[in-house]
Amino acid sequence: MTFDQMHYFCAAAELGSFSKAALSVHISQPSLCISIRKLEEELGVKLFLTNKKGAVLTDAGRIFFQDIQTILTQTDLAVTHMRQFSQRDRAEVRIAYTHSLADAYIPRLLREFLLNEGKGCSIYSDEMPSAQIAQGLREGHFDIGLGSQIPSDPEIEQIPILYQRFCLLAPENEKEINRFENQEEFGAAPLICYRKDYPIYRQLTGLFDTLNIKPNIIYFGYSEGAIARLVEQEIGIGIIAEIEGLERYKVKIAYPGWLTGGRNLYLMRRRFRVLSAAAGMLEERILKSADAEKNKHNSL
């Protein structure tokens with residue numbers, strides 16, 4: 001039994017005529033009659049009696065009609081629910097990102113998205129460490145993640161979108177910022193660095209070991225913004241990955257020759273997950289922006 005057969009049967013039962021039913025469901029009368037006859041053969045009962053006035057339901061036909069109406073009503077309701085869900089899903093994006101992107105990159109990205117492809121969309125966002133973003137992607141809490149590189153994971157795809165080189169921050173009143181070109185001067189200064197459990201801390205300390213620098217670390221900060229604010233207060237100097245919007249802090253920025261390297265930030269997504277239309281458009285904007293940034297640097 002097919003849904004078409006159920007619809008043809010109900011049309012004939014409601015209209016009391018095979019010819020009128022055929023017109024209402026947009027098929028020929030012979031096709032409708034054949035469909036109903038096959039349905040009767042499948043059920044093993046006679047559903048209609050025909051006379052000069054048209055088609056009349058048998059007792060079995062009346063019982064069947066009540067049951068089929070219930071099925072079709074529930075089917076229509078299920079379709080309506082799925083259409084509502086589909087429309088809502090197309091208009092929602094769930095994104096998670098690290099603090100490194102929160103000050104400037106994310107606000108600019110979302111502004112451009114909502115003014116262009118994402119008109120009418122709703123954005124749900126969370127800010128957290130990269131490992132937690134990956135876990136949220138695995139569990140289906142987020143559509144898109146943006147953060148630092150995580151260990152290789154068969155469930156998570158990582159695409160580099162942004163490179164941040166290392167830079168040195170000094171208080172605004174520092175008169176001889178070039179003195180930190182001297183590694184001994186740098187090693188003697190109080191240093192504000194990243195927390196020890198961050199991959200970027202291990203990357204920087206690896207550089208210090210290679211150069212035989214023994215930094216005087218006095219504070220372990222949570223983020224680039226937190227380190228910059230401490231440098232503003234003349235607590236010490238800092239080394240961070242250069243984030244967008246750094247110019248708003250009252251600090252001086254330097255790039256000592258010995259301070260090499262930097263950090264890649266990644267778009268993270270769960271492999272084989274089908275994104276909603278809105279999430280797909282945001283992901284496409286992120287990747288296009290990354291390509292444009294890459295081409296700009298290559299042309300310099």
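Bear in mind the structure is a predicted one, so any value in this text is a computation, not a measurement.

The rules we used
- Residues numbered from 1 in each chain as written.
- Predicted model: local features only at pLDDT ≥ 70, side-chain atom pairs only at ≥ 80, totals over all residues.
- Heavy atoms only, no water.
- Buried < 20%, exposed > 50% of the residue type's maximum accessible area, 1.4 Å probe, protein only.
- Helix = DSSP H or I, 4+ residues; strand = E, 2+ residues; numbered from the N terminus.
- Arc of directions from axis to C-beta.
- Contact = heavy atoms within 4.5 Å.
- Disulfide = S-S within 2.5 Å.
- Core = buried A, V, L, I, M, F, W, Y, C linked by side-chain atoms within 4.5 Å.
- Pairing = 2+ DSSP bridges.
- Phe/Tyr/Trp six-rings, centres within 6.5 Å; stacked < 30°, edge-to-face > 60°.
- Lys NZ or Arg CZ within 6 Å of the ring centre and 35° of its normal.

(A) Quick peek at helix α6 (residues 130-138). Three or more residues of α6 are buried, namely Ser130, Ile133, Ala134, Gly136 and Leu137. On an axial view of α6, the arc spanned by its buried residues comes to 160°, and they lie on one face. Of the surrounding secondary structure, the elements contacted by the buried residues of α6 are β3 (92-97), β5 (144-148), β6 (156-171) and β11 (262-270). Among the residues trailing α6, Gly140 stands out with phi positive, at a value near 80°.

(B) Inspection of the state of the cysteines at higher detail. According to the stated counting rule, one finds zero disulfides in the structure shown. Cys167 takes part in no disulfide bond, and the closest cysteine sulfur, belonging to Cys193, lies 12 Å away. Judged by relative accessible area, Cys167 falls into the buried class, the value being 0%.

(C) Examining the nonpolar core more closely. Counting 35 residues, the largest nonpolar core has Phe186 and Tyr194 as the members making the most contacts within it. Here Phe186 is in contact with Leu168, Phe180, Leu191, Phe208, Ile213, Pro215, Ile237, Ile239 and Trp258, once residues within four sequence places are set aside.

(D) Structural context of the pairing of strand β2 (residues 54-57). Examined bridge by bridge, strand β1 (residues 48-51) and β2 share four bridges and lie antiparallel to one another. Note that in β2 the partner of Leu49 across the bridge is Val56. Counting the residues between successive antiparallel strands, the hairpin from β1 to β2 contains two residues.

(E) A look at the packing of aromatic side chains. Counted under the stated rule, the structure contains eight aromatic pairs. Between Phe9 and Phe65 the ring centres are 6.2 Å apart and the planes differ by 70°, which places this aromatic pair in the edge-to-face class. With Phe9 in helix α1 (residues 3-15) and Phe65 in helix α4 (residues 59-90), the pair connects residues that are 56 residues apart, well separated along the chain. Look at Phe9 and you get buried, because its relative accessible area is 0%. Both rings, one in Tyr201 and one in Phe220, keep their centres 6.0 Å apart while their planes meet at 65°; by these two values the pair is edge-to-face. With a gap of 19 residues between them, Tyr201 in helix α8 (residues 199-211) and Phe220 in strand β8 (residues 216-221) connect regions that are remote in the sequence. Judged by its relative accessible area of 33%, Phe220 is partly exposed. Among the aromatic residues, ring-to-ring pairing joins Phe9, Phe18, Phe48, Phe64 and Phe65 into one connected group. Positioned above the aromatic ring of Tyr255, the side-chain terminus of Arg165 is 3.8 Å from the ring centre.

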